[in-house]
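For reference, the chains in residue letters:
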Amino acid sequence: FLVGALLLLTSPLLSFANKLPGHSIANPPDINALVADWWMGGTTIPSTKATVLSSGVRNRVGSLWSMYPLLTNSFEATFKIKATKPATRGSKNGGFAFWLAYENA
């Protein structure tokens, strides 16, 4: 399982880090904010404890895309993820990616 427990986008221009509304996922996640601010696809499973991106089923993938543009040129992304080893190995090549797209593609 791949669990995305926290995604925090902050602006370093301020004297202290501030969450960027619509672009941060709290830990534990707020289900209502996830539904309002993020497009969830594939095997993504939101819960009150974490957001599961991949359920561990072979050839399945989960994704989260912000529904709002990021209106700053200066930000930091911090991730806290947890990956657990399945009881039996289902695939050799797995991974995690963070994409920043300049335009809505």
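## Comments concerning the overall build of the chain
A count of helical and extended segments in the chain gives 1 helix and 6 strands. Each helix and strand of the chain, placed in order from N terminus to C terminus, yields the pattern β-α-β-β-β-β-β. Within the chain, buried positions represent 24% of all 105 residues. By sequence separation, contacts in the chain at least 24 residues apart represent 52% of the contacts at least 6 residues apart. Surface exposure of the chain reaches about 7900 Å², of which carbon and sulfur atoms provide 58%.

## Details of a nonpolar patch on the surface
On the surface, a nonpolar cluster with roughly 640 Å² of combined accessible area is contributed by W39, W65, M67, Y68 and W99. Structurally, Y68 is set in the loop between strand 5 (62–66) and strand 6 (76–83).

## Side note on the environment of V57
Mapped onto the elements of the fold, V57 is located in the loop between strand 4 (51–54) and strand 5. As a C-alpha pair, V57 and T43 span 14 residues in sequence and 9.0 Å in three-dimensional space.

## What to know about the confidence of the model for the chain
Per-residue pLDDT for the chain has a mean of 74; in total, 76% of the residues score no lower than 70. When the elements of the chain are averaged for pLDDT, strand 1 (residues 2–10) gives the smallest value, 47, and strand 2 (residues 38–42) the largest, 89. With pLDDT under 50 throughout, residues 1–6 is counted as low confidence; its partners more than four residues away or in other chains account for 34 contacts.

## Concerning the side chain of D37
Checked against the element boundaries, D37 lands in helix 1 (residues 31–37). Judged by its relative accessible area of 16%, D37 is buried.

## Concerning the environment of D37
In the structure, D37 is positioned 16 residues away from P21 in sequence and 8.8 Å away in space, judged by C-alpha atoms. Residues within four places of D37 in sequence aside, it is in contact with G22, W65, S66, M67 and Y68.

What counts and what doesn't
- Residues numbered from 1 in each chain as written.
- Predicted model: local features only at pLDDT ≥ 70, side-chain atom pairs only at ≥ 80, totals over all residues.
- Heavy atoms only, no water.
- Helix = DSSP H or I, 4+ residues; strand = E, 2+ residues; numbered from the N terminus.
- Buried < 20%, exposed > 50% of the residue type's maximum accessible area, 1.4 Å probe, protein only.
- Contact = heavy atoms within 4.5 Å.
- Areas by Shrake-Rupley, 256 points an atom, 1.4 Å probe, with all protein chains shown as cover.
- Patch = residues over 30% accessible without salt bridge, like charges linked within 9 Å, V, L, I, M, F, W, Y side chains within 5 Å.
- Salt bridge = Lys/Arg side-chain N within 4 Å of Asp/Glu carboxyl O.
- pLDDT = per-residue confidence, 0-100.

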